[in-house]
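Here are the chains, one letter per residue:
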Amino acid sequence: EDQVTQSPEALRLQEGESSSLNCSYTVSGLRGLFWYRQDPGKGPEFLFTLYSAGEEKEKERLKATLTKKESFLHITAPKPEDSATYLCAVQAEGRYGNKLVFGAGTILRVKS
Amino acid sequence: DSGVTQTPKHLITATGQRVTLRCSPRSGDLSVYWYQQSLDQGLQFLIQYYNGEERAKGNILERFSAQQFPDLHSELNLSSLELGDSALYFCASSVSGTSGNEQFFGPGTRLTVL
């Protein structure tokens, strides 16, 4: 069964203090790994898609990387507005459909 | 704004009742997905439609059903509601039904069953 584990569950950073979030996955035939940001009571906001090991993508202060077993979301010099829950999801090879299997998320708080 | 719309934003109802949640996908997207998010279960896939046809099912209860109409909007019907059905329900859409496509989520419907 496809599984996604995110760590840490929660992370508190000072403004400007860089860090990384981890997403470990077990899936048969990865078709894509997705990162989303979710603010309280809102829908997940798409950030990145990674397809193969070694791939990297960047957007402002965020950089996502992928290996064969895990993905990292690096946050460089975070600001308070980066505070949110970050969700990782995988899409696996399958005969029908392309559901996303989500991890539980990492709650990030950035203090000024 | 993802371009996916959902109505209503909030729904408060009683146990045993039936409700309908509505979703309009982004312009041009053919696939619609429904997810449930509760505090203890996280985001769970319920069902996927592609161009009007059911494509995949997750752990969707028999009391729940969905459909996608010719104009591509979708409805999720929840019946015989129980307290445990209280959750955020999200709709997402993607361009096609193939793997690797990003899914864009709507703002959600918060369902409270009293």
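For the structure, see preceding data.
To keep things clear, this report deals only with the structure shown in the data block. (Residues numbered from 1 in each chain as written. Chains lettered and ligands numbered in written order. Predicted model: local features only at pLDDT ≥ 70, side-chain atom pairs only at ≥ 80, totals over all residues. Heavy atoms only, no water.)

## Topic: unusual backbone geometry
Link 1 in the chain: With an omega of -10°, the peptide bond running from S7 of chain A to P8 of chain A counts as cis.
Link 2 in the chain: Relative to the assigned elements, P8 of chain A resides in the loop between β1 (3–7) and β2 (10–14).
Link 3 in the chain: Of note, the bond from T7 of chain B into P8 of chain B is cis; its omega dihedral lies within 30 degrees of zero at -10°.
Link 4 in the chain: With a phi close to 55°, E60 of chain A is a non-glycine residue in the positive phi region.
Link 5 in the chain: Along the chain, the position of E60 of chain A falls in the loop between β6 (56–59) and β7 (62–66).
Link 6 in the chain: Residue E60 of chain A is classed as exposed on the basis of its relative accessible area of 71%.
Link 7 in the chain: A positive phi angle, near 50°, is found at N51 of chain B, a position not held by glycine. (Helix = DSSP H or I, 4+ residues; strand = E, 2+ residues; numbered from the N terminus. Buried < 20%, exposed > 50% of the residue type's maximum accessible area, 1.4 Å probe, protein only.)

## Details of the state of the cysteines
Link 1 in the chain: Taken as a whole, this structure holds 2 disulfides over all chains when the rule is applied.
Link 2 in the chain: Here C23 of chain A engages in a disulfide with C88 of chain A; their sulfurs sit 1.9 Å apart. As the torsion about the S-S bond is roughly -60°, the C23 of chain A-C88 of chain A disulfide counts as left-handed. With C23 of chain A in strand β3 (residues 19–26) and C88 of chain A in strand β9 (residues 84–92), this residue pair connects regions lying 65 residues apart in the sequence.
Link 3 in the chain: A sulfur-sulfur distance of 1.8 Å marks the disulfide that ties C23 of chain B to C91 of chain B. Its torsion about the S-S bond being -50°, the disulfide of C23 of chain B and C91 of chain B is classed as left-handed. With a gap of 68 residues between them, C23 of chain B in strand β3 (residues 19–24) and C91 of chain B in strand β9 (residues 87–94) connect regions that are remote in the sequence.
Link 4 in the chain: Classification of C23 of chain B as buried rests on a relative accessible area of 0%. (Disulfide = S-S within 2.5 Å.)

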